[in-house]
Amino acid sequence: QVQLVESGGGLVQPGGSLRLSCAASGSSFSANLMGWYRQAPGKQRDLVASLNNFGSTNYGDSVKGRFTISRNNAKRTLYLQMNSLKPEDTAVYYCDAQTYTPPSSYWGQGTQVTVSS
């Protein structure tokens, strides 16, 4: 069984930085695509950033130039470095991992990020 556990969220002032981590567990699990999503109260869950096995990345328009997604395959951990944080970045951040064969998607429990002075 695959489990994703996020960590690294918290309270930060505007302009500050945080690094989120997502650790994957489960025997022989290897994701084809991993990503970060976020959901603010009353809003839909939106893509923040994704990274596939070829190293290609995709970022939401609102975070381009400020956030960086990366992955350590040896540690089976996905990261999201968030710089120049804004109050509108406040949300619960979720980690997602997808496999193509068979097609499956796994979610973490989420970690709260609050940007406020």
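Residues numbered from 1 in each chain as written. Predicted model: local features only at pLDDT ≥ 70, side-chain atom pairs only at ≥ 80, totals over all residues. Heavy atoms only, no water.

Engineer: Give me the pairing of strand β4 (residues 33-39): which residues, what numbers.
Structural biologist: Residues in a regular strand project their side chains so that they alternate between the two faces of the sheet. Counted residue by residue, β4 has five buried out of seven residues, so it is predominantly covered. Pairing between β4 and strand β5 (residues 46-52): six bridges, direction antiparallel. Paired with R38 across the two strands is D46, which belongs to β5. Pairing between β4 and strand β9 (residues 91-100): seven bridges, direction antiparallel. The residue bridging G35 from the neighbouring strand is D96, located in β9. (Buried < 20%, exposed > 50% of the residue type's maximum accessible area, 1.4 Å probe, protein only. Helix = DSSP H or I, 4+ residues; strand = E, 2+ residues; numbered from the N terminus. Pairing = 2+ DSSP bridges.)

Engineer: Give a description of the state of the cysteines that names residues and reports values.
Structural biologist: Any covalent bond linking the sulfur atoms of two cysteines counts as a disulfide. By the definition in use, this model includes one disulfide. Each disulfide pairs two cysteine sulfurs, and for C22 the partner residue is C95, the sulfurs being separated by 2.1 Å. Between C22 and C95, the S-S torsion sits near -75 degrees, and that sign places the bridge as left-handed. Taken as a pair, C22 in strand β3 (residues 18-25) and C95 in strand β9 lie far apart in primary sequence, 73 residues in all. C95 shares its class with C22; the two are buried. (Disulfide = S-S within 2.5 Å.)

Engineer: If you had to explain the packing of aromatic side chains to someone new, which residues and values would you point to?
Structural biologist: Scanning the model with the defined rule gives one aromatic pair in all. Between Y37 and W107, the aromatic rings sit 5.1 Å apart at their centres with planes inclined by 65 degrees, giving edge-to-face as the arrangement. Here Y37, found in strand β4, pairs with W107, found in strand β10 (residues 103-107); they are 70 residues apart in sequence, far enough to count as distant. The partly exposed category is assigned to W107, whose relative accessible area is 38%. Above the ring of W107, the side-chain terminus of R45 is found at 4.7 Å from the ring centroid. (Phe/Tyr/Trp six-rings, centres within 6.5 Å; stacked < 30°, edge-to-face > 60°. Lys NZ or Arg CZ within 6 Å of the ring centre and 35° of its normal.)

Honestly, it's all geometry; don't read function into it.
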